[in-house]
Amino acid sequence: MKQSVRYQRILILCLLLISVLAPIFLVSNKLSNFSSSSGDKEFVGDLPGIKFKTDSPKLNAVQQELGEGLKEPVLVVYKDGDSINSLVDSNTEGGTSNRVIERKVSETDYDVNGGNQLIQMKNVSAPSERKEQLQQPTEKREARRGTDEKVKEGKDQVIRAKAYLTFAPPGSNSHLVKELKLRIKELERSLGDATKDADLPRSALQRMKSMEATLGKASRVYHDCSSMATKLRAMTYNTEEQVRAQKNQAIYLVELASRTTPKGLHCLSMRLTDSYFSLQPEKREFPNQHKLNDPDLYHFVVFSDNILASAVVVNSTIFSSSEKEKLVFHVISDAINLPAIRMWFLLNPPDQATINIQSIEDFEWLATMYGSALNMQNSRDRRYSSPLNHLRFYLPEMFPAQNKVLLLDHDVVVQRDLKGLWQVDMKGKVNGAVETCREGDTSFRKMNALINFSDPIVAERFDPEACTWAFGMNVFDLREWRRKDLTAVYTKYLEMGMKRELWKGGTLPLGLVTFYNQTVALDRRWHILGLGYESGLGRGEIERGAVIHYDGVMKPWLEIGIGKYKGYWNRYVKYDHPYLQQCNIHE
């Protein structure tokens, strides 16, 4: 009895041992088969089963060169949009984990979509490390791409959709036509006025995907590529013509605005003129008139018909000067604006400086000797035909007692003391100016862009590669000017230019030929140009300049003036003055 019980126990223990060891043996056998080469081949063979989205760009890869002894690179997969989802499962809510293929695939190339670009996979790392590898190249490529990529893509989709609509028969109301019109309307509403991807609403991306799907349908219906190319070419041409016409209209309107006197300035001129004629004659005179002919003082000449502009030039020069009592301003205007400008400076005397306001009519000899030349300007632009713009060529005759003067245009602001210009070595030349012949500068000008070198007389006398310079802040040695009789040279070239087109309108081309080989270059910091147009000047460069010039049509006293540059001019305007308040002239 005891022996039978013992046999039963041995049998039970054997069965238990078999039940424990058998699963271990089976599992180990499975594992060994799983890691065998045949298993690798089966696993790799399943890779083509991974589906790629057809609406996403192809993956970029570097095709490996064939050769012995070359090491295989670690896989780097570039992602673009949603295409990375084909390799990385990102939907954790669906029950799948965020994991990348973690198998070692040796000496195996995977051909994407049958193309010639190959991705070579080897030693794929853990998920966290793998994500870093995927993100790094993506971030670099995103940095290279503009922030308006999605905006451009959306606008391109709208253009393509409109092109497809033109292929539909007139009056067609098919399902595809309705869908295209709907997608266009939705996408245009989503894009709005956005210029950057950050400005796009969340719905824009979804509507772009819907539009892409609709465009795919349209491409299958309207598959004639040549017709599409012709239509897009025609649309491009029409759009370019519209842009060209709008640019021309914008240029015309800006030019028109630059020639128009603002309502506030007209009001100011009328009020000041009325006040001036209400004064007694003895109260219309300026003090310190005995200094006007003193050659040892610093003489500034300003030609202007603008009250505020001339006031800013005078105020900024005085404010920046360390010897205000030595400053003498000669402001020359026309007969219409003379009373208003005189009244302004009578109400706002220039501190310790001396000022004199004169009219063209005060120089009686000018009309007798040079009246015909001054009236020869036939330009429709008053800025070019105004005698005030050409009086700079008669400075020696206008100021016979002076040896040196500093000419300032009325659209400049002085930020530094200018007395150093009187110590500049003129080297026997007549004109001291800042050059504008350095390529890449905002003020760069070429001689042949202003002067017609196709004329044999011009080609013989001047070099098209000669350096140009700027009007607006010029030191003139009047003694050398008189000795070389450059006023007669100017008159001769002016008459030549009236007989045939030798140069563009304005005084700069005439100045270039009159003072040809008679100009000495000044340090560039004396005169900074480019504030009257979108020149891209930086704040540091502007503030380093001794004189800043609003050359161009966008003057700071006009509504079309550039806002970021107006502040340098506004600081010298007395906006709290009663007359400016009454005429609604504000900063």
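These figures come from a predicted structure and were not determined experimentally.

About the criteria used
Residues numbered from 1 in each chain as written. Predicted model: local features only at pLDDT ≥ 70, side-chain atom pairs only at ≥ 80, totals over all residues. Heavy atoms only, no water. Buried < 20%, exposed > 50% of the residue type's maximum accessible area, 1.4 Å probe, protein only. Helix = DSSP H or I, 4+ residues; strand = E, 2+ residues; numbered from the N terminus. Pairing = 2+ DSSP bridges. Contact = heavy atoms within 4.5 Å. Disulfide = S-S within 2.5 Å. Axes fitted to C-alpha atoms, helices over the stretch in contact; angles between N-to-C directions. Left-handed = near helix turned anticlockwise from the far one by under 90°. Nonpolar A, V, L, I, M, F, W, Y, C, P; charged D, E, K, R; others polar. Phe/Tyr/Trp six-rings, centres within 6.5 Å; stacked < 30°, edge-to-face > 60°. Lys NZ or Arg CZ within 6 Å of the ring centre and 35° of its normal.

Student: I'd like a rundown of the pairing of strand 6 (residues 404-408), residues and numbers included.
Tutor: With five of five residues buried, strand 6 lies mostly within the body of the structure. Side chains of strand 6 alternate between two faces, with Lys404, Leu406 and Leu408 and Val405 and Leu407 buried alike. As paired strands, strand 3 (residues 298-303) and strand 6 are joined by two bridges and run parallel to one another. The partner of Phe300 across the bridge, within strand 6, is Leu406. Across five bridges, strand 6 lies against strand 9 (residues 473-477) in antiparallel orientation. Considered in strand 9, the bridge of Lys404 is made with Asp477.

Student: Let's hear about the environment of Ile357: which residues, and what values?
Tutor: By secondary structure assignment, the location of Ile357 is in strand 5 (residues 354-359). On the accessibility criterion, Ile357 (2% relative accessible area) is buried. A C-alpha to C-alpha distance of 8.9 Å links Ile357 and Phe286, two positions 71 residues apart in sequence. Aside from chain neighbours lying at most four places away, what touches Ile357 is Phe286, Val331, Leu338, Ile341, Arg342 and Phe345.

Student: Account for the state of the cysteines, naming residues and giving values.
Tutor: Taken as a whole and judged by the stated rule, the model has two disulfides. Two residues, Cys267 and Cys583, share a disulfide whose sulfurs are 2.2 Å apart. Across the disulfide from Cys267 to Cys583, rotation about the S-S bond amounts to roughly -70°, and the bridge is consequently left-handed. Note that Cys267 is positioned in helix 8 (residues 263-278) and Cys583 in the segment after helix 21 (578-582), a separation of 316 residues in sequence. When its relative accessible area of 6% is taken as the criterion, Cys583 is described as buried. Shown here is the disulfide that connects Cys437 with Cys467, its sulfur atoms set 1.7 Å apart. Handedness here is read from the sign of the S-S torsion; for Cys437 and Cys467, about -70°, the answer is left-handed. Highlighted residues: Cys437 in the loop between strand 8 (431-433) and helix 14 (447-450) and Cys467 in the loop between helix 15 (456-461) and strand 9, separated in sequence by 30 residues. Overall, Cys437 belongs to the partly exposed group, its relative accessible area being 31%. By sequence order of its bonded cysteines, the protein has the disulfide arrangement 1-4, 2-3.

Student: Can you lay out the packing of helix 4 (residues 149-167) against helix 7 (residues 225-259) for me, pointing to particular residues and giving the numbers?
Tutor: Following both chains from N to C, one finds helix 4 and helix 7 inclined at 115°, their axes separated by 10 Å at the closest point. The handedness of the crossing between helix 4 and helix 7 comes out as right-handed. Residues Ile159, Ala163, Tyr164, Thr166 and Phe167 of helix 4 form the contact with helix 7, whose participating residues are Ser227, Met228, Lys231, Leu232 and Met235. Here the residues of the contact of helix 4 with helix 7 are counted per class, giving seven nonpolar, two polar and one charged.

Student: Provide a residue-level description of the sheet that holds strand 4 (residues 327-333), including the pertinent values.
Tutor: In any sheet, the strands associate via hydrogen bonds between backbone groups, in a parallel or an antiparallel arrangement. On the basis of which strands lie adjacent, the open sheet formed by seven strands has the order 5-4-3-6-9-8-10 and mixed pairing. Only two strands of the sheet have a single partner each, and these edge strands are strand 5 and strand 10 (519-521). Averaged over all adjacent pairs, the angle separating strand axes in this sheet is 25°, with direction ignored. In the sheet, strand 8 pairs with strand 9 via two bridges, with the strands oriented antiparallel. Of the residues in strand 9, the one forming a bridge with Gly432 is Val475. Along the sheet, helix 9 (residues 307-320) contacts strand 3, strand 4, strand 5 and strand 6; its crossing angle with strand 4, the most-contacted strand, is approximately 175°. The strands touched by helix 10 (residues 338-347) within the sheet are strand 4 and strand 5, with strand 5 carrying the most contacts at an inclination of about 170°.

Student: Explain the packing of aromatic side chains residue by residue, including any values.
Tutor: What the rule picks out here adds up to 17 aromatic pairs. Plain terms: the ring middles of Phe462 and Tyr493 are 5.8 Å apart, the flat faces sit at 55° to each other, and that makes the pair tilted. Here the residue Phe462 occupies a position in the loop between helix 15 and strand 9, and Tyr493 occupies one in helix 17 (residues 486-499), the gap between them amounting to 31 residues. Of the two residues, Phe462 and Tyr493, both sit in the buried class. An aromatic cluster is defined as three or more aromatic residues linked by ring pairs; in this entry it consists of Phe393, Tyr394, Trp469, Phe471, Phe476, Trp481, Tyr490 and Phe515. One Lys or Arg, Arg392, reaches over the ring of Phe471 and ends 4.7 Å from the middle of that ring. Over the ring of Tyr493 we find Lys492, and its NZ or CZ is 5.2 Å from the ring centre.

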